[in-house]
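Fold and contact review
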Amino acid sequence: MIMSDFVLSLVMLAAAVLVGGAYSLFRKGNTQKALLMAVLAFVMIANVVIWVLPASDGGDSLQEAAAED
């Protein structure tokens, strides 16, 4: 469980860096790359939300995945 917490934190940190990079590129006028970076950050955040949301039985997806191992 500790490793999954670390990975989720790393993904959120990377998403924050991507948002900052997208903002920087947008200010420089490179809108296509900025939009792609923003979309990637959104997808990463959505994936973290999916993994952390409670399941129907009250646990989360990470607990279910760990229980299968």
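Read on for an overview of the structure. (Residues numbered from 1 in each chain as written. Predicted model: local features only at pLDDT ≥ 70, side-chain atom pairs only at ≥ 80, totals over all residues. Heavy atoms only, no water.)

Some points on helix α2 (residues 31-52)
Using the following cut-off: Labels follow the DSSP assignment, with helices taken as runs of H or I lasting at least four residues and strands as runs of E lasting at least two, numbered in each case from the N terminus. Expected helix span is given by 1.5 Å per residue-to-residue step, counting one fewer step than there are residues. Exposure is judged per residue with a 1.4 Å probe applied to protein chains only, and the accessible area is read against the type maximum: over 50% gives exposed, under 20% gives buried, and values in between give partly exposed. This arc corresponds to the set of directions leading from the helix axis out to the C-beta atoms. Throughout, a contact is declared for two residues whenever any of their heavy atoms are within 4.5 Å.
Between the first and last C-alpha of α2 there are 31 Å, a value that for 22 residues agrees with the 32 Å anticipated at 1.5 Å per step. Of all the positions in α2, only A34, A41, M44 and V48 are classed as buried. Looking down the long axis of α2, one finds its buried residues gathered within 90° of arc, a one-sided arrangement. In α2, the exposed positions that point more than 90 degrees away from the buried face belong to Q32, L35, L36, F42 and I50. Structurally, α2 contributes buried residues whose contacts are with α1 (2-28).

Some details on α1
The terminal C-alpha atoms of α1 lie 39 Å apart, and with 27 residues this matches the ideal 39 Å at 1.5 Å per residue to within 8%. Within the span of α1, buried status applies to L8, A15, L18 and A22. Phi for G29, located one or two positions after α1, is positive at around 100°.

Considering a nonpolar patch on the surface
To keep it simple, the criterion reads: Here a patch means residues that are over 30% exposed by relative accessible area and free of salt bridges, tied together within 9 Å if like-charged and within 5 Å if nonpolar (Val, Leu, Ile, Met, Phe, Trp, Tyr). Computed with a 1.4 Å probe, the accessible areas rest on the Shrake-Rupley method; for each residue, only the protein chains presented here act as cover. For salt bridges, the criterion is a side-chain nitrogen of Lys or Arg within 4 Å of an Asp or Glu carboxyl oxygen.
Residues M3, F6, V7, L10, L13 and V17 make up a contiguous nonpolar surface patch of roughly 620 Å² in combined accessible area. Examined against the element boundaries, V7 turns out to sit in helix α1. Owing to a relative accessible area of 40%, V7 belongs among the partly exposed residues under this scheme.

Regarding the environment of S9
For S9, the position within the fold is in helix α1. Between the C-alpha atoms of S9 and V48, which are 39 residues apart in sequence, the distance is 9.1 Å.

Some remarks on the packing of α1 against α2
We apply this condition: Axis definition: a line fit to C-alpha positions, over the contact stretch in the case of helices; interaxial angles, taken between N-to-C directions, run 0 to 180 degrees. If an angle is under 35 degrees, it is roughly parallel; if it is over 145, roughly antiparallel; if it lies from 65 to 115, roughly perpendicular; otherwise it is oblique. Left-handed describes a crossing in which the near helix is turned anticlockwise from the far one by less than a right angle; the clockwise case is right-handed. All amino acids are sorted into three groups, where Ala, Val, Leu, Ile, Met, Phe, Trp, Tyr, Cys and Pro are nonpolar, Asp, Glu, Lys and Arg are charged, and the leftover types, Gly among them, are polar.
Where α1 meets α2, the axes come as close as 8 Å, and the angle between the chain directions of the two elements is 160°. The angle between α1 and α2 falls in the class roughly antiparallel. Where α1 crosses over α2, the handedness of that crossing is left-handed. Mapping the contact onto sequence places L8, V11, M12, A14, A15, L18, V19, G21, A22, L25 and F26 in α1 and T31, K33, A34, M37, A38, L40, A41, M44, I45, V48 and V52 in α2. When grouped by side-chain class, the residues that make up the contact of α1 with α2 number 19 nonpolar, 2 polar and 1 charged.

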